[in-house]
Amino acid sequence: MNFKAVFWGTIIALGTLLFLGTIFAVIFYYFITNFAWWTALSFAVLFISLLAGGFAASRRAQKKGLWHGLLIGVIFIVIFLIASAVLFHTPFSWVSFLEKSLIILLAGAIGGILGVSIF
């Protein structure tokens with residue numbers, strides 16, 4: 001396991017999440033008044049971010065793409081658990097947590113596999 005690759009993959013995933021989240025927040029704030037699409041777009045942003053992070057980590061490591069992507073997914077799950085406990089004072093929802101965890105792990109795994117397989 002290449003932890004330097006996992007570190008850079010996590011940084012890329014966080015940066016992508018911040019960038020895409022900001023873009024979609026601005027679009028929703030200024031142009032869209034119907035928030036019915038917010039959940040789907042938030043899942044898409046999360047998926048794309050973890051896909052990019054898993055891809056970058058496994059490209060750097062050049063092996064074990066699935067495991068590198070899954071490790072980035074686990075790191076993100078822990079980050080989101082800590083952030084939601086500290087920042088949001090709403091009741092914890094296991095259904096929402098499991099949905100997001102599944103998307104995070106799936107995206108990280110796919111990104112990791114693609115990072116090793118492509119080129």
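The structure presented is a predicted model; accordingly, all values stated were derived computationally and were not measured.

Asker: Even after reading the chapter, I still don't get the packing of aromatic side chains, so can you show me in this structure?
Answerer: Here the distance between the centres and the angle between the planes together describe a pair of aromatic rings. Inspection of every chain in the model, using the stated rule, returns 5 aromatic pairs. When the ring of F7 is compared with that of W8, the centres are 5.3 Å apart and the planes differ by 75°; the resulting orientation is edge-to-face. Taking the relative accessible area as the measure of exposure, W8 reaches 35% and is therefore partly exposed. For the ring pair F76 and F80, a centre distance of 5.6 Å and an interplane angle of 75° mean the geometry is edge-to-face. Placement of the pair is F76 and F80 together in helix α3 (residues 65-87), with a separation of 4 residues, close to one helical turn. According to the relative accessible area criterion, F80 is partly exposed, its value standing at 30%.

Asker: Help me understand helix α1 (residues 3-30), please; the structure alone is not making it clear to me.
Answerer: Because each turn of an α-helix spans 3.6 residues, side chains separated by three or four positions end up pointing in the same direction. Between its first and last C-alpha, α1 extends 40 Å over 28 residues, near the 40 Å set by a 1.5 Å rise per residue. Among the residues of α1, A5, V6, G9, T10, A13, T16, L20 and F28 are the ones counted as buried. Against α2 (38-61) and α3 lie the buried residues of α1. If you check the start of α1, you find a side-chain oxygen 3.2 Å away from the backbone N of K4, and it comes from N2.

Rules of the game
Here the residue numbering is sequential within each chain, running from 1 through the sequence in written order. Only residues with pLDDT of at least 70 are given local features in this predicted model, and only at 80 or more are side-chain atom pairs given and counted; all residues enter the totals for whole chains, interfaces and linings. Note: side-chain values were computed over all heavy atoms of the structure, leaving out hydrogens and water. Working definition: a ring pair exists when centres of Phe, Tyr or Trp rings (six-membered ring for Trp) sit within 6.5 Å. Plane angles under 30 degrees give stacked, over 60 give edge-to-face, the rest tilted. Type-normalised accessible area, obtained with a 1.4 Å probe on protein chains alone, sets the label of each residue: buried when under 20%, exposed when over 50%, and partly exposed for intermediate values. Strands are runs of DSSP state E lasting at least two residues, helices are runs of H or I lasting at least four, and both sets are numbered from the N terminus onward. Every helix has an expected span of 1.5 Å times one less than the residues it contains. Contacts are residue-level and defined by heavy atoms, with any inter-residue pair within 4.5 Å sufficient. Contacts described as polar in this section are N or O atom pairs within 3.5 Å, which, within protein, must combine one atom able to donate a hydrogen with one able to accept it, while residues neighboring in sequence count only if both atoms come from side chains.

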